[in-house]
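For reference, the chains in residue letters:
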Amino acid sequence: MQLTGEAPALAVSVAEYRRATGFIEADAEADLLIESYLRAAQSVVEAGTNCPLGLRSVRLSFAARPGLLRWWFPCAPVAEVTGVKLIQGDGETAVALPDLGLRMLQDEPQILFPLGTVAGGPAVIEVEAEVGADVADPRLKQAIILIAKEWRDAGIAVDQPDVARPSYGARHLMKQARYQRPAQTEFF
């Protein structure tokens, strides 16, 4: 998944973090540090749940072969599909959006392709879409706050978030809201 537009704003603001943790002392340097912890924690939560927090434009590519019927998005929710392109050999063909069956974009986003979309050999399909939600799931916001607070209290460097595993509480909140697609593609 490649970001094609601007990165979304933080799902949890510095002010929300301060209210939730009781960290009242306001100064510019502390705010920048908290913001970096929140950004890193949001990245961990998004990767662990496959749920983008905030609307963003992305491009997704996948290998397809003749007989392609259905493809599930790797994340949810999907606000809108803006374009689908079939790349086969040296040529590119735009697939008309009205010809596609867009299903369950909020819960289990998928595209149903008409028979014969991919013909004559393997191809790559590029999907451009707006993913994420305007309002973040409260469970995921709480997980971000928990992770950022744990890292800040432990003095863990923001550029090494993979070193620290989120606590049980944060993992449990993430698990409740995780999206896991049933399959990558379905062929005829």
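Residues numbered from 1 in each chain as written. Predicted model: local features only at pLDDT ≥ 70, side-chain atom pairs only at ≥ 80, totals over all residues. Heavy atoms only, no water.

Description of the confidence of the model for the protein chain
Low pLDDT means the predicted atomic positions in that stretch should not be read closely.
At step 1: Across the protein chain, the average pLDDT comes to 89, with 95% of residues at 70 or higher.
At step 2: When mean pLDDT is compared element by element in the protein chain, strand β8 (residues 123–131) scores highest at 95, while strand β9 (residues 185–187) scores lowest at 70. (pLDDT = per-residue confidence, 0-100. Helix = DSSP H or I, 4+ residues; strand = E, 2+ residues; numbered from the N terminus.)

Section: the nonpolar core
At step 1: Core analysis: the biggest nonpolar cluster contains 29 residues, and Tyr17, Leu38, Val45, Leu53, Ile144 and Ile147 have the highest contact counts within it.
At step 2: Looking at this core, the elements with two or more residues in it are α1 (14–21), α2 (28–49), α3 (138–154) and α4 (168–177).
At step 3: Each residue touching Val45, except ones within four places of it in the same chain, is listed here: Leu53, Leu140, Ala143, Ile144, Ile147 and Met174.
At step 4: Membership of the second largest hydrophobic core comes to 23 residues, among which are Phe73, Val84, Val127 and Val131. (Core = buried A, V, L, I, M, F, W, Y, C linked by side-chain atoms within 4.5 Å. Buried < 20%, exposed > 50% of the residue type's maximum accessible area, 1.4 Å probe, protein only. Contact = heavy atoms within 4.5 Å.)

Overview of the side chain of Gln42
At step 1: Mapped onto the fold, Gln42 is located in helix α2.
At step 2: In this structure Gln42 comes out as buried when scored by relative accessible area, which is 6%.
At step 3: Residues within four places of Gln42 in sequence aside, it is in contact with Ala9, Leu10, Ala11, Val12, Leu53, Arg56 and Ile144.

Looking at the pattern of salt bridges
At step 1: Enumeration according to the criterion identifies ten salt bridges in this entry.
At step 2: Measuring nitrogen to oxygen at the nearest pair gives 2.6 Å for the salt bridge that ties Arg56 to Glu46. Here Glu46 lies in helix α2 and Arg56 lies in strand β2 (residues 56–64), a separation of ten residues in the sequence. Assigned by exposure class, Arg56 and Glu46 land together as buried. (Salt bridge = Lys/Arg side-chain N within 4 Å of Asp/Glu carboxyl O.)

A word on the packing of α1 against α2
At step 1: Running from N to C, α1 and α2 cross one another at 90°; their axes reach a closest spacing of 10 Å. In this view, α1 runs roughly perpendicular relative to α2, as classed from their interaxial angle. Mapping the contact onto sequence places Val14, Tyr17 and Arg18 in α1 and Ala30, Asp31, Ile34, Glu35 and Leu38 in α2.
At step 2: Class assignment for the residues of the contact of α1 with α2 results in five nonpolar, no polar and three charged. (Axes fitted to C-alpha atoms, helices over the stretch in contact; angles between N-to-C directions. Parallel < 35°, antiparallel > 145°, perpendicular 65-115°, else oblique. Nonpolar A, V, L, I, M, F, W, Y, C, P; charged D, E, K, R; others polar.)

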